[in-house]
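What follows is each chain in one-letter form.
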Amino acid sequence: MITAPQLRAARSLLGIDQRRLAELSGLSVPTIQRMEASGSIIRGNVDSLMKLIAALEVAGIELIGEGTVSQGGGRGVRLKAGFGSARASDADDAGSGGSLP
């Protein structure tokens, strides 16, 4: 299972654009765009999801499910419980003089 925020973060960590991820996964750019635009958990064709996850894993991404521990021991990023995209946009404002509640 993968969420849209995980997908965007993974792509960012790899430093690749949607076109490159499409090439790596064998999916189309519009498919990647739809996946990234999903509300939360990406839903779609199982084959497409498997291709996406396999491509990310080959590229070095470890997907960490909610409440699980990373066994890899490498560096990583995880969103704290209770924080979501609304809080993230508040953080963007904080960088330009705003503040978080």
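Preceding this paragraph is the structure being described.
Remember, it's a predicted structure, so these values are computed and weren't measured experimentally. (Residues numbered from 1 in each chain as written. Predicted model: local features only at pLDDT ≥ 70, side-chain atom pairs only at ≥ 80, totals over all residues. Heavy atoms only, no water.)

Draft legend 1. Examining the pattern of salt bridges more closely. Scanning the entire structure with this criterion turns up 3 salt bridges. Here arginine 11 and glutamate 36 are joined by a salt bridge, their closest N and O atoms 2.6 Å apart. One end of the pair, arginine 11, is in helix α1 (residues 4–14); the other, glutamate 36, is in helix α3 (residues 29–37), with 25 residues separating them in the sequence. Taking the relative accessible area as the measure of exposure, glutamate 36 reaches 7% and is therefore buried. Two residues, glutamate 23 and arginine 20, come together in a salt bridge whose shortest N-O distance is 3.1 Å. Taken together, the residues span about one helical turn, with glutamate 23 and arginine 20 both in helix α2 (residues 18–25) at a distance of 3 residues. Among the residues examined, glutamate 23 registers a relative accessible area of 52% and is labelled exposed. (Salt bridge = Lys/Arg side-chain N within 4 Å of Asp/Glu carboxyl O. Helix = DSSP H or I, 4+ residues; strand = E, 2+ residues; numbered from the N terminus. Buried < 20%, exposed > 50% of the residue type's maximum accessible area, 1.4 Å probe, protein only.)

Draft legend 2. Up close: the packing of α2 against α3. One can describe the packing of α2 onto α3 by two numbers: an axis separation of 8 Å at closest approach and a directional angle of 110°. Of the possible angle classes, the one that applies to α2 and α3 is roughly perpendicular. When the axes of α2 and α3 are compared, the crossing they make is right-handed. Only Val29, Ile32, Gln33 and Glu36 of α3 make contact with α2, whose side of the interface consists of Gln18, Arg19, Leu21, Ala22 and Ser25. Looking at the contact of α2 with α3 residue by residue, the class counts come to 4 nonpolar, 3 polar and 2 charged. (Axes fitted to C-alpha atoms, helices over the stretch in contact; angles between N-to-C directions. Parallel < 35°, antiparallel > 145°, perpendicular 65-115°, else oblique. Left-handed = near helix turned anticlockwise from the far one by under 90°. Contact = heavy atoms within 4.5 Å. Nonpolar A, V, L, I, M, F, W, Y, C, P; charged D, E, K, R; others polar.)

Draft legend 3. Representation of α2 in the model. Taken residue by residue, α2 has Leu21, Ala22 and Ser25 as its buried positions. Down the axis of α2, the sector holding all buried residues measures 105°, keeping them to one side. For α2, exposure combined with an orientation more than 90 degrees from the buried face picks out Arg19 and Glu23. Looking at the buried residues of α2, the elements they touch are α1, α3 and α4 (46–58). Directly beyond the C-terminal end of α2, a positive phi value near 75° is found at glycine 26. (Arc of directions from axis to C-beta.)

Draft legend 4. Molecular detail of α1. The set of residues buried in α1 consists of Ala4, Leu7, Ala10 and Arg11. One side of α1 carries all its buried residues, which in axial view fall inside an arc of 125°. Those residues of α1 that are exposed and angled more than 90 degrees off the buried face are Ser12 and Leu13. In this fold, the buried residues of α1 make contact with α2, α3 and α4.

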